[in-house]
Amino acid sequence: MNPARGGHGGAARARIAGLGWNLPERRLTNRDLETMVDTTDEWITTRTGIRERRIANNGTTAAQLAAPAAREALAEAGLAPSGLDMIIGATLAPTRTFPSTACDLQQELGAARCAAFDVMAACSGFIYASAVADSFIRTGAANNILVVASEIVSPIINWKDRATCVLFGDGAAAAVYTAGDGSSGLLDSILRSDGSFGDFLTGGGVGERETFAEPRLDPGRFFLQMKGNQTFKVAVKSMAEVAEEILARNGFTMDDVDLIVPHQANIRIIQAVGKALGAPEEKVFVNVDRYGNTSAASIPIALYEARQQGRLTPGKLALLVAFGGGLTWGASLIRW
Ligand code: UT7
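This structure is a prediction, so every number in the text was calculated from the model and none was measured.

What follows concerns the overall build of the protein chain. Counting its secondary structure elements, the protein chain contains twelve helices and 13 strands. Its C-alpha atoms give the protein chain a radius of gyration of 19 Å, near enough to 20 Å, the size a compact globule of 336 residues would have. Seen through its C-alpha atoms, the protein chain measures out along the principal axes to roughly 55 × 45 × 40 Å. Here the contacts in the protein chain between residues at least 6 apart in sequence split such that 76% fall between residues at least 24 apart. Carbon and sulfur atoms make up 51% of the accessible area of the protein chain, which amounts to about 14100 Å² in all. A gap of 1 Å separates the mean positions of the 32 positive and 35 negative side-chain charges of the protein chain.

Dropping the structure here:
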C-alpha cells in the first residue's frame, strides 16, 4: 500500500461496525411487467439480467424504508441513536426535496441534534456518502456516522416506458461507520463526476412544475429518463478506469481483491467491468437478478448479502465501484 495516497499512516479511519437492510415485501416480476408494457421476460433477462424487483407500498417515505435498516445497523454496532454524530442520507428519489431524508430519518430514530444531511450522487450515492463519513472520522470531527441509502424510485418511474420501467427497484440499506485503528475499514475512495453528461440520466425535478414567471406543468419531465445505450458505454469505461486507479494507487492488483461489489444496474455492465479488470466471475458479486437497480442502495444491499453468504469475512479486501446520474462514479476499497 502507498501510505502517501491510501494508507493514511495508520491513523483512525472509518470502519463498518454495523450493516442493515430493508427490502419491500412486494415483488414485481418480469411476467408482471409483460402485462403492463410491450416487453418480454426473455428480453429483460437477456439484456439486463433482472428477473424481479421490489416495490414499496404507496405512501412509504424514504425515511420510513430506511429506518429498519438503520436500526439493524445500529444494533450490530452496539450504538444507540443518541450516540450518532452524523447521519448522511443518499437517495436519488427523496420523498420531498427538503427536509432531507437524513433529517426525516433522524426524527424516526430519535437521534436528536446530530448533524443530518443528504448527498446527491444518484446511484453512486453510497460511495460518495461513505467517503464523506470517512473524511469526518479521519479528521476526528466525528466518531459515529450512519450512512443510509434509501431509494423509492418507483414513483418517478414512467410505468409506460419499457426502456426504463423494467430496470429499477426500491430498497434501502445502512452502514454505521465508527473510528477504527486503521487495520480494517475504508482504505481509500475515489470520487468522480462529469456534468457534461448530465442529460444521460435525469429525473424528479421540481423545476418542471409551475413557475411564477411561466406557469407550466410537464409531468413527463418529472419521470426518470435515461439514454440507456450511451449511459451503458460510459458506465463500463468509467467504472473499469476508476477501479484500476484505486487499486494502482494503493499498490494492489486484482489478485489482492477478494470481492468486487459493483453497482447493480445491468448484468452486462457488471460482466464487462469484471472482464476489463481481469477478474474471475466468482470474484464479482451479483444480485441484480432479484432486486434490479436500487440506485444508491444497490452497493450496501450487496454488501449485506455478500457478508451473509460468508464472502466478506475479516481480512477480506472488497473493491466497491459505482456509477450513476450526474454523471457520477467512484470506487472504494474496504478491508473487512
Ligand atoms: O444505474 C445508473 C446507470 N444506469 C445504467 O448503467 C443503465 C445503462 N443502460 C442499460 O442497462 C441498457 O442500455 C438498457 C438495458 C437500458 C437497454 O439495453 P440496450 O441493449 O442498450 O438496448 P437499446 O436501448 O439499444 O434498445 C434495443 C432495442 C430497441 O428496439 P429497436 O429500436 O432496436 O427496435 C428498444 O426499443 O430494445 C428495445 N427495448 C425493449 N424491448 C423489449 C428497450 N427496452 C425494451 C424492453 N422490452 N423492456
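Still more to cover.
Okay, the site of the ligand next. Around the ligand, the structure places 23 residues, and the nearest of them are Thr39, Arg47, Asn229, Asn266 and Asn293. Contacts to the ligand include Trp43, whose side-chain N or O atom sits 3.4 Å from an oxygen atom. Within the side chain of Asn266, an N or O atom sits 2.7 Å from an oxygen atom of the ligand. For the ligand, whose free accessible area comes to 950 Å², the fraction covered by protein is 72%. Taken together, the elements giving at least two residues each to the shell around the ligand come down to helix H3 (41-48), helix H7 (162-165), helix H9 (228-249) and helix H10 (267-276). With four residues, the single largest contributor to the shell around the ligand is H9. Along the lines of polarity and charge, the residues of the shell around the ligand split into eleven nonpolar, eight polar and four charged. Here the shell around the ligand spans two domains, and each of domain 1 (14-182) and domain 2 (187-335) adds at least three residues to it.

Turning our eyes to something else, we now look at the domain arrangement of the protein chain. Interface size, as often reported, equals the accessible area lost upon joining of the parts. The domains assigned to the protein chain are domain 1 (14-182) and domain 2 (187-335). Inter-centroid distance (C-alpha atoms) of domain 1 to domain 2 is 14 Å. Across the interface of domain 1 and domain 2, roughly 3700 Å² is buried in total on both sides, 66% from carbon and sulfur atoms. On the domain 1 side of the contact with domain 2, Trp21, Cys123 and Ile127 bury the most area, a combined 19% of that side's loss. Seen at the junction of domain 1 and domain 2, the total is one salt bridge. The shortest N-O distance in the salt bridge between Arg307 and Glu76 comes to 2.7 Å. Broken down by secondary-structure element, the contributors of at least two residues to the side of domain 1 that touches domain 2 are strand E1 (13-22), H3, strand E3 (52-54), helix H4 (62-77), helix H6 (125-139), strand E6 (144-151) and strand E7 (171-180). A per-element tally of the side of domain 1 that touches domain 2 places H6 first, with five residues. Tallied by class, the residues present in the side of domain 1 that touches domain 2 amount to 23 nonpolar, eleven polar and nine charged.

Glancing now at the sheet that holds strand E8 (residues 185-193). Spatially, the four strands line up as an open sheet ordered E8-E13-E12-E11, and their pairing is mixed. Unpaired on one side and paired on the other, E8 and strand E11 (259-262) mark the two borders of the sheet. Averaged over all adjacent pairs, the angle separating strand axes in this sheet is 15°, with direction ignored. Bridging between E11 and strand E12 (residues 317-324) involves four bridges; their strand directions are parallel. Counted as the bridge partner of Leu259 is Ala318 from E12.

Glancing now at the environment of Gly278. Examined against the element boundaries, Gly278 turns out to sit in the loop between H10 and helix H11 (288-291). With relative accessibility at 55%, the residue Gly278 sits in the exposed group. In this structure the C-alpha to C-alpha distance between Gly278 and Asp255, which are 23 residues apart in sequence, comes to 9.4 Å.

A few words now on the layout of surface pockets. Empty space left among the atoms is revealed by rolling a probe the size of a water molecule over them. By volume, the largest pocket is sized at about 810 Å³. Considering the residues around the largest pocket, the lining is formed by 37 residues, among which Leu92, Ala93, Pro94, Ile156 and Gly204 are closest to the centre. For the lining of the largest pocket, the elements supplying multiple residues, two or more each, are strand E5 (115-119) and strand E9 (201-202). Of the residues that constitute the lining of the largest pocket, the class distribution is 16 nonpolar, 17 polar and four charged.

With 51 residues, the main nonpolar core has Ile260, Leu319 and Leu333 as its most contacted residues. Secondary-structure elements contributing two or more residues to this core are E8, H9, H10, E12 and strand E13 (328-335). Lining this core are residues from two domains, each supplying at least three of them: domain 1 (14-182) and domain 2 (187-335). Residues Ile88, Ala90, Tyr128 and Ala302 belong to the second largest nonpolar core, which totals 42 residues.

Scoring rules and cut-offs
Residues numbered from 1 in each chain as written. Predicted model: local features only at pLDDT ≥ 70, side-chain atom pairs only at ≥ 80, totals over all residues. Heavy atoms only, no water. Helix = DSSP H or I, 4+ residues; strand = E, 2+ residues; numbered from the N terminus. Rg over C-alpha atoms; globule rule 2.2 N^0.38 Å. Contact = heavy atoms within 4.5 Å. Areas by Shrake-Rupley, 256 points an atom, 1.4 Å probe, with all protein chains shown as cover. Lys, Arg positive; Asp, Glu negative; His and termini not counted. Charge placed at Lys NZ, Arg CZ, Asp CG, Glu CD. Near = heavy atom within 4 Å. Polar contact = N/O pair within 3.5 Å; in protein donor to acceptor, adjacent residues only side chain to side chain. Nonpolar A, V, L, I, M, F, W, Y, C, P; charged D, E, K, R; others polar. Domains from an automatic or database assignment. Buried area = accessible area lost by both parts, 1.4 Å probe. Salt bridge = Lys/Arg side-chain N within 4 Å of Asp/Glu carboxyl O. Pairing = 2+ DSSP bridges. Axes fitted to C-alpha atoms, helices over the stretch in contact; angles between N-to-C directions. Buried < 20%, exposed > 50% of the residue type's maximum accessible area, 1.4 Å probe, protein only. 1 Å grid on protein atoms, 1.4 Å probe; cavity = no way out; pocket = protein on both sides within 12 Å on 5 of 7 lines; lining within 4 Å. Points joined across faces, edges and corners; volume = space filled by probe spheres on them. Core = buried A, V, L, I, M, F, W, Y, C linked by side-chain atoms within 4.5 Å.

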